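Next come the chains, spelled out residue by residue.
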Amino acid sequence: MSVESVIEDFSNYGLGEKETNLLITLAKLGPIKASSVARNLGINRMAAYRMLSRLTDMGLLQVSAEKPMRFAVAPIEEILEILNKVAKERLDKMDHVKERLIGSWKTMTPLVEGEMENRFRIVQGREQIYNLIKRMCNSAERDILIMTTSNDIVRMRFAGVDDVLEESSRRGIRVRIISELSSANLEAAERLMDFSEFRHIALRGAGRLVITDEKEILTSLAFDDSISLKTESDLGLWTDGRQYIMMLRDLFQQTVVNSTPGEETLQAIKSGKPVEELRIVRGEKEFENVRESLVTSAKERLFIVTTNLEKLSKTLQKELTDAHLRGVRIEAMTTINDKNLRHAKFLGSVCKIRHNPAIRKIDLVIADGSQFLLSLEKSGGREAIWSNVIPEVETIYRLFETPWSSSVSADERIIEIERLNASREYAIVIAKSLRKAGWAVSSPGKIDGSTAMESKFDLVAKPEARSANAIAVDIMFNQDTSSEILMKTLLKATTLETVDAFIVAVPKLADSLTALPDLYGVKVIESKTPEGASRSLLGMVNRSKSEIPALNKRV
């Protein structure tokens with residue numbers, strides 16, 4: 001037997017670790033002096049003398065008559081008999097004063113009149129936790145509320161809490177329980193359903209909440225959720241603080257709304273069908289966890305709508321890639337812009353993505369047409385709805401069918417953004433050159449036409465002095481030079497007076513379209529670089545200073 005087990009056994013007799021170590025030392029070494037005891041135990045001589053004297057007075061040690069004295073341990077049978085006798089005397093004394101103490105206690109009155117301060121107490125150890133729960137239930141007068149883990153439902157039955165709850169129910173106490181039903185706790189849950197209102201919900205983390213009436217509450221926010229009844233890792237906070245109680249009663253009521261009847265869930269589990277439920281998901285962390293679980297569990301199809309494409313790409317890059325590799329069909333709808341262009345390109349490699357500028361503050365995931373997570377962003381934190389109720393899933397999907405079909409493919413949107421970015425680069429270089437040459441430039445710019453309507457151009461420049469016409473410039477890339485798009489710029493030019501219109505074609509106009517600009521008096525500059533386009537435009541402007549009011553006649 002180890003020293004540790006001997007120390008533990010002696011502790012049951014009320015003997016401390018230091019005293020037990022002293023007895024073990026004397027048993028091993030035989031009669032020794034106090035100085036030897038101090039040296040072997042690693043304590044000073046005075047501490048050794050005090051301990052030896054105390055154990056000698058108890059009769060646990062034998063002392064020689066020689067000087068210096070030597071100490072030896074008494075026979076183990078005598079030691080245990082003495083310790084048993086001491087323990088019995090202590091119990092007898094406690095029983096003798098019990099009734100007297102209770103009577104005296106009840107006659108005591110507070111020294112200070114008025115309402116008592118809220119009380120708080122830490123309770124440690126699973127046995128102590130369950131004893132407290134039983135005491136709370138026995139003193140309940142109206143209702144008992146319990147919200148706890150799936151494993152705790154099983155443990156409470158082993159600890160006899162279910163019997164106390166049943167007895168409370170017989171006294172007319174309303175018992176309500178919220179927990180997660182599973183195949184592992186069906187028997188214990190069925191027993192509780194006989195006398196309580198049982199609700200099912202998937203609870204995250206190991207937490208426990210017990211409220212009796214509006215008088216007292218026990219909360220355990222995190223604990224060892226193993227099935228053991230002996231663990232000391234179970235820690236609870238008990239209080240009678242009314243404000244705290246009422247706040248968590250409200251939380252309990254909100255959870256009831258999001259839960260499903262235990263009987264329905266029980267039958268679904270027994271039949272092997274998925275448990276249909278709807279629940280509220282609160283907080284950014286829980287939302288991200290649920291969204292990730294939907295992506296990782298999808299087998300055939302994912303439909304995603306998001307406002308924050310960048311965050312979706314960063315947090316679920318691996319999970320979306322894995323889903324794509326295992327053959328899941330992924331469709332995503334979002335708003336693509338300059339800021340999230342890189343992330344849109346990544347998503348385009350693993351899913352079919354479409355651009356819809358109307359997407360505002362929406363995050364949605366539908367997995368396999370069997371469950372969805374929907375969040376409508378609002379102030380005050382993230383709040384979302386999760387459900388696997390099939391009619392609800394189908395309704396949500398139908399709501400987004402039309403926006404999906406009317407949206408633009410990501411490839412088209414990406415080309416458009418890159419073209420706009422390149423157009424901006426051309427406009428910046430050209431504007432810089434014109435300003436340097438003494439022009440007042442707006443980019444983009446507006447200019448009044450003969451029809452009293454404003455026309456918008458990529459760049460509008462006006463001379464500081466009346467030495468030349470104002471100029472209007474549109475920048476087009478080879479993708480823009482279809483006859484339809486080109487005609488929009490040419491028609492704008494027909495409304496302009498004393499304004500010279502230019503098209504910068506990058507890298508050039510299609511051969512079939514080169515004759516059109518001349519018919520409308522619009523000059524074309526073909527160039528592969530912004531700098532080249534800028535030089536050509538300045539050259540044309542300088543040559544045209546003497547040709548006022550216009551460069552060309554317009555039809």
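Quick look at the structure, then. All figures in this text were calculated on a predicted structure; none of them were measured in a lab. (Residues numbered from 1 in each chain as written. Predicted model: local features only at pLDDT ≥ 70, side-chain atom pairs only at ≥ 80, totals over all residues. Heavy atoms only, no water.)

### Some points on the packing of aromatic side chains
Condition: Pairing of aromatic rings covers Phe, Tyr and Trp, the last through its six-membered ring, and needs centres within 6.5 Å; plane angles under 30 degrees mean stacked, over 60 mean edge-to-face, and all others mean tilted. Elements are defined by DSSP. Helices are runs of H or I of four residues or more, strands are runs of E of two residues or more, and each kind is numbered from the N terminus. Buried means the residue's accessible area, taken with a 1.4 Å probe over protein chains only, is under 20% of the maximum for its type, while exposed means over 50%, and partly exposed covers the values in between.
Within the structure shown, the criterion is met by 3 aromatic pairs. Both rings, one in Phe 303 and one in Tyr 397, keep their centres 5.3 Å apart while their planes meet at 80°; by these two values the pair is edge-to-face. Of this pair, Phe 303 sits in strand E13 (residues 301-306) while Tyr 397 sits in helix H16 (residues 390-405); the two residues are 94 residues apart in sequence, bridging distant segments of the chain. Measuring from centroid to centroid gives 5.9 Å for Tyr 426 and Phe 477, while their planes differ by 85°, and the two rings are edge-to-face. Pair noted here: Tyr 426 is in helix H17 (residues 410-436) and Phe 477 is in strand E24 (residues 470-477), with a separation of 51 residues, a long-range link. Taking the relative accessible area as the measure of exposure, Tyr 426 reaches 4% and is therefore buried. Residue classification places Phe 477 among the buried residues on the basis of a relative accessible area of 11%. A network of ring pairs unites the aromatic residues Phe 303, Tyr 397 and Trp 404 as a single cluster.

### Some details on the sheet that holds strand E26 (residues 523-526)
Heads up, the condition is: Two strands qualify as a pair provided DSSP detects at least 2 bridges between them. Lines fitted to the C-alpha atoms define the axes, with helices restricted to the stretch that makes contact. Angles between their N-to-C directions range from 0 to 180 degrees. Contact criterion: two residues are considered in contact whenever any of their non-hydrogen atoms come within 4.5 Å of each other.
Pairing is mixed in the open sheet, where 5 strands are placed in the order E20-E23-E24-E25-E26. In this open sheet, the two strands that pair with only one neighbour each are strand E20 (439-442) and E26. On average, each strand axis in the sheet is tilted by 25° relative to the strand beside it, whichever way the strands run. Bridging between strand E23 (residues 459-463) and E24 involves 3 bridges; their strand directions are antiparallel. Counted as the bridge partner of Leu 459 is Val 473 from E24. Of the strands in this sheet, E24 and strand E25 (499-506) are in contact with helix H18 (residues 483-494), which crosses E24 at around 175°. Contacts from helix H20 (residues 530-543) reach E20, E24, E25 and E26, with the element oriented near 150° to E26.

### As for the side chain of Ser 423
Considering the arrangement of structural elements, one finds Ser 423 in helix H17. The class for Ser 423 is buried, based on a relative accessible area of 10%. Residues within four places of Ser 423 in sequence aside, it is in contact with Asp 458, Ile 475 and Phe 477.

### Here we look at the pairing of strand E16 (residues 362-367)
Most of E16 sits out of view: 6 of its 6 residues are buried. Burial along E16 is two-sided: the face carrying Ile 362, Leu 364 and Ile 366 and the face carrying Asp 363, Val 365 and Ala 367 are both buried. Direction of pairing for E13 relative to E16: antiparallel, over a ladder of 5 bridges. Of the residues in E16, the one forming a bridge with Phe 303 is Ile 366.

### Remarks on the sheet that holds strand E3 (residues 70-73)
Read from one edge to the other, the open sheet built from 3 strands follows the order E1-E3-E2, with strand pairing classed as antiparallel. Taken across any chain shown, the strands that pair with only one partner, and hence form the sheet edges, are strand E1 (32-33) and strand E2 (61-63). Direction of pairing for E2 relative to E3: antiparallel, over a ladder of 3 bridges. The partner of Leu 61 across the bridge, within E3, is Val 73.

### Comments concerning the pattern of salt bridges
For clarity, the cut-off: The working definition used for a salt bridge is a side-chain nitrogen of Lys or Arg within 4 Å of a carboxyl oxygen of Asp or Glu.
Inspection of the entire model under this criterion finds 39 salt bridges. In this structure, Asp 240 engages Arg 119 in a salt bridge whose closest nitrogen and oxygen atoms are separated by 2.9 Å. With a gap of 121 residues between them, Asp 240 in the loop between strand E10 (235-239) and helix H10 (242-258) and Arg 119 in the loop between helix H5 (76-107) and strand E4 (120-124) connect regions that are remote in the sequence. Taking the relative accessible area as the measure of exposure, Asp 240 reaches 16% and is therefore buried. We classify Arg 119 as partly exposed; its relative accessible area is 41%. With its nearest N and O atoms 3.3 Å apart, the salt bridge here joins Glu 166 to Arg 170. Of this pair, Glu 166 and Arg 170 are both found in helix H8 (residues 161-170), 4 residues apart, which corresponds to roughly one turn of the helix.

### Observations concerning the pairing of E23
Here 4 bridges tie E20 to E23, and the two strands are oriented antiparallel to one another. Across the sheet, residue Ala 440 finds its bridge partner in E23, namely Lys 462.

### With respect to the environment of Lys 508
Structurally, Lys 508 can be placed in the loop between E25 and helix H19 (516-519). Since its relative accessible area comes to 43%, Lys 508 is described here as partly exposed. C-alpha separation for the pair Lys 508 and Glu 526, spaced 18 residues apart in sequence, amounts to 4.9 Å.

### A few points about helix H12 (residues 284-297)
Count 3.6 residues to each turn of an α-helix, and residues three or four apart come out pointing the same way. Selection rule: For a helix, the expected span equals 1.5 Å multiplied by the number of residues minus one. Throughout, the arc means that of the directions going from the helix axis to the C-beta atoms.
Taking 1.5 Å of rise per residue, 14 residues should cover 20 Å, and H12 covers 20 Å from first to last C-alpha, within 8% of that figure. Every buried residue belonging to H12 is among Phe 287, Glu 288, Val 290, Arg 291, Leu 294 and Val 295, and all of these are buried. Seen from one end, H12 has its buried residues packed into an arc of 165°, which puts them on one side.

Note that every value here comes from positions in space, so none of it alone points to a role or purpose.
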